[in-house]
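Residue-level structure breakdown
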Amino acid sequence: MATHDDLGPLYDIETECFQERRFRKDHVEWILTNERALTLVEEAERGEILGALMLLFEGTACRVLSIAVIPQARRRGIATRMMQAAEDSARERGCMVVRLEVSTQNFGAIEFYRGLGYHTDGVLYGYYSWGEDAYSMARAVAPKIDSGRGDGRRRA
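Residues numbered from 1 in each chain as written. Predicted model: local features only at pLDDT ≥ 70, side-chain atom pairs only at ≥ 80, totals over all residues. Heavy atoms only, no water.

Considerations on the overall build of the protein chain
Looking only at helices and strands, the protein chain has 4 helices and 6 strands in total. Ordered by position from N to C terminus, the α and β elements of the protein chain give α-α-β-β-β-α-β-α-β-β. For the C-alpha atoms alone, the extent of the protein chain along its principal axes is close to 65 × 40 × 30 Å. For the protein chain, the residues scored as buried account for 40% of the 156 residues in total. (Helix = DSSP H or I, 4+ residues; strand = E, 2+ residues; numbered from the N terminus. Buried < 20%, exposed > 50% of the residue type's maximum accessible area, 1.4 Å probe, protein only.)

A short note on the pairing of strand 1 (residues 37–43)
Pairing analysis gives 7 bridges linking strand 1 to strand 2 (residues 49–58), with the strands arranged antiparallel. Looking at strand 2, one finds that Leu38 is bridged to Leu55. Here strand 1 folds back onto strand 2, and the loop between the two strands holds 5 residues, one of which, Gly47, carries a positive phi near 95°. (Pairing = 2+ DSSP bridges.)

Topic: helix 4 (residues 107–115)
Regarding helix 4, the residues found buried are Ala109, Ile110 and Tyr113. Projected down its long axis, helix 4 carries its buried residues within an arc of 100°, all on one side. Exposed residues lying more than 90 degrees from the buried face of helix 4 are Phe107, Gly108 and Gly115. Among the structural elements, strand 3 (61–69), helix 3 (78–92), strand 4 (97–103) and strand 6 (134–140) are those in contact with the buried residues of helix 4. (Arc of directions from axis to C-beta. Contact = heavy atoms within 4.5 Å.)

Here it is, written out as structure tokens:
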């Protein structure tokens, strides 16, 4: 889990992965300090951040704000592991769905999300500040099930 101390490296990844259309540094800081948000990172053995996932929990929905993997670490399953972690985090917080928005022009990301079981549930016209449209995508997540083991006692 990332902390405020990771702001610099996280913003560097945001800049590298989203060269023209990235979050502002103050927005990344807001995410890091928001109690309803969670930022997860994938690190190399040397501690270098290879990928970052920013989530916001809104009632029974977990929203993926950003997912980024540095170019030299792509195609290694990092993004898939991070999306699985998003779903696990959503379940742990009682969320029923993981939602995200993706540019209608980002064909690779759209196929990636579809491959993970996300479905398109709408078009958000002019969603981005530069006027580009986005797809709203979602995937239901099963709630965390209590095993019922508790203290070992059984009810008759």
